[in-house]
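Notes for the structure review
So you can see what is in the structure, the chains are spelled out below.
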Amino acid sequence: IVMKAVPTRTTMNILECILIDATTNVIKFTGNDMELGIETIVEGEIIEKGKVAIDAKLFSEIVRKLPDSEITITTDANYTSLITCEKSKFNIAGKSGDDFSYLPIIEKDKMITISQFNLREVINQTIFSTAPNDNNKMMTGELFEVSDNVLKVVGLDGHRIAIRNFNLEGRADDVKVVVPGKTLQEISKILSTDAENMVNVYFTNNHILFEFDNTTVVSRLIEGEYFKINQMLSSDYGTKVVINKKEFIDSIDRANLLIKEGEKKPIIINITDGSLEVNVNSAIGTLNEDIDIEKEGKDLMIGFNPKFLLDALRVIDDETVDIYLVNPKAPCFIRDKEQSYIYLILPVNFTA
């Protein structure tokens with residue numbers, strides 16, 4: 001769990017370590033890269049109190065390769081750590097735990113409570129729309145906005161927008177912050193899939209704090225004003241399509257077979273009465289495939305990056321999806337009636 005906050009490259013060697021803190025009545029492991037910090041309580045017995053920082057990569061590899069049995073860690077005055085498990089004994093150099101950066105103390109002022117399962121879902125259903133690295137830092141994070149007991153999570157990368165609206169129960173203070181995508185990706189990996197287990201999320205001006213099970217995650221927020229996405233969302237449409245989600249995904253998957261990686265070939269979608277035709281014409285070959293649909297409005301031919309369509313369709317739980325289109329140059333919207341999810345995807349130019 002704490003390895004997820006250990007930096008891969010850093011000028012501060014101490015941060016390449018995991019802090020093992022047994023100075024109180026619990027054994028606490030901490031990883032911290034100064035942007036994201038994770039602390040978790042580990043079950044065990046403290047024979048003599050103390051703390052030590054051990055190289056995280058080496059320590060985790062050792063633990064992974066040891067038998068599934070009890071491990072004893074003993075540290076001498078020079079912070080050399082003896083790790084014993086059954087017949088294995090490792091002696092590795094450690095560092096003074098005093099030099100390690102503790103997690104900042106966060107004022108527990110504004111908060112929401114949400115189940116771990118739902119928070120994980122909301123992150124996974126939006127995070128793919130963020131930019132992994134971008135000159136515009138805002139695009140690497142997600143908007144978390146709470147208003148009237150509804151949590152709105154938004155990710156965008158300049159080509160698409162993903163929005164999830166989720167009704168909260170219990171305490172839900174109004175907030176508006178931008179959380180780094182890296183933080184959310186790492187936290188979604190350690191949240192449980194159990195709908196009963198809750199997580200408390202606290203917000204300050206600079207930090208977000210997640211508390212669940214025996215784990216605390218603290219992250220800096222991205223400072224600044226998020227994009228005004230409401231101006232980009234329109235309820236106008238000229239064409240509405242209701243399509244079976246699995247059939248649509250399978251068809252795009254097959255179309256992808258004819259698109260080489262790195263080749264920016266769009267798939268062309270031709271919408272007529274009762275039918276949506278998926279077309280690809282590439283150097284490898286061509287594909288034409290018809291899918292039965294319900295259609296309202298006018299016929300339309302439009303091109304898309306297939307990955308952007310697949311990313312959105314794969315995280316929707318519904319059996320059928322509603323797609324709203326205006327013209328070949330305007331964004332398409334995939335959304336449900338309650339607008340619990342909205343995916344906006346920009347089309348791409350194509351030659352028919």
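Everything below is about the structure shown above.
First things first, this report covers the structure right here in the doc. (Residues numbered from 1 in each chain as written. Predicted model: local features only at pLDDT ≥ 70, side-chain atom pairs only at ≥ 80, totals over all residues. Heavy atoms only, no water.)

Attention shifts here to the overall build of the chain. Regarding its fold elements, the chain presents five helices and 24 strands. Across the 352 residues of the chain, 50% fall into the buried class. Pairs at least 24 residues apart make up 65% of the contacts formed inside the chain by residues separated by at least 6 positions. Carbon together with sulfur atoms contributes 46% to the accessible area of the chain, which is approximately 18,400 Å² in total. (Helix = DSSP H or I, 4+ residues; strand = E, 2+ residues; numbered from the N terminus. Buried < 20%, exposed > 50% of the residue type's maximum accessible area, 1.4 Å probe, protein only. Contact = heavy atoms within 4.5 Å. Areas by Shrake-Rupley, 256 points an atom, 1.4 Å probe, with all protein chains shown as cover.)

To continue, consider the packing of aromatic side chains. Tallied over the full model, the rule gives five aromatic pairs. Linked through ring pairs, Phe-128, Tyr-341 and Tyr-343 together constitute an aromatic cluster. The ring of Tyr-202 carries Lys-108 above its face, with NZ or CZ at 5.2 Å from the centroid. (Phe/Tyr/Trp six-rings, centres within 6.5 Å; stacked < 30°, edge-to-face > 60°. Lys NZ or Arg CZ within 6 Å of the ring centre and 35° of its normal.)

Looking now at the nonpolar core. Leu-119, Val-201 and Phe-210 are the most contacted members of the largest nonpolar core, which totals 46 residues. Not counting the four nearest positions on each side in its chain, Phe-210 is found in contact with Leu-119, Thr-183, Leu-184, Ile-187, Val-199, Asn-200, Val-201, Thr-215, Thr-216 and Val-217. Of all hydrophobic cores here, the second largest spans 37 residues; its members include Ala-255, Ile-267, Ile-291 and Ile-323. (Core = buried A, V, L, I, M, F, W, Y, C linked by side-chain atoms within 4.5 Å.)

The next point concerns the side chain of Lys-295. Here Lys-295 shows up in strand β20 (residues 286-297). Under the relative-accessibility criterion, Lys-295 is labelled buried at 19%. A polar side-chain atom of Lys-295 sits 2.6 Å from a polar atom in the side chain of Asp-273. Within the local environment of Lys-295, its side chain forms a polar contact with the side chain of Asp-299, the two groups lying 2.5 Å apart. Excluding anything up to four places from it in sequence, Lys-295 contacts Thr-239, Lys-240, Ile-271, Thr-272, Asp-273 and Gly-274. (Polar contact = N/O pair within 3.5 Å; in protein donor to acceptor, adjacent residues only side chain to side chain.)

Our focus in this paragraph is the packing of helix α4 (residues 245-256) against helix α5 (residues 306-314). Direction vectors running N to C along α4 and α5 enclose 150 degrees, while the axes themselves pass 10 Å from each other. It follows from the interaxial angle that α4 and α5 lie roughly antiparallel. Seen along the crossing, α4 lies across α5 with a hand that is left-handed. Of the residues in α5, those touching α4 at Lys-245, Phe-248, Ile-249, Ile-252, Asp-253 and Asn-256 are Pro-306, Leu-309, Leu-310, Leu-313 and Arg-314. Taken together, the residues that form the contact of α4 with α5 break down as seven nonpolar, one polar and three charged. (Axes fitted to C-alpha atoms, helices over the stretch in contact; angles between N-to-C directions. Parallel < 35°, antiparallel > 145°, perpendicular 65-115°, else oblique. Left-handed = near helix turned anticlockwise from the far one by under 90°. Nonpolar A, V, L, I, M, F, W, Y, C, P; charged D, E, K, R; others polar.)

Attention now goes to helix α2 (residues 116-124). Restricting attention to buried positions, one finds in α2 the residues Gln-116, Leu-119, Val-122 and Ile-123. Looking down the long axis of α2, one finds its buried residues gathered within 130 degrees of arc, a one-sided arrangement. (Arc of directions from axis to C-beta.)

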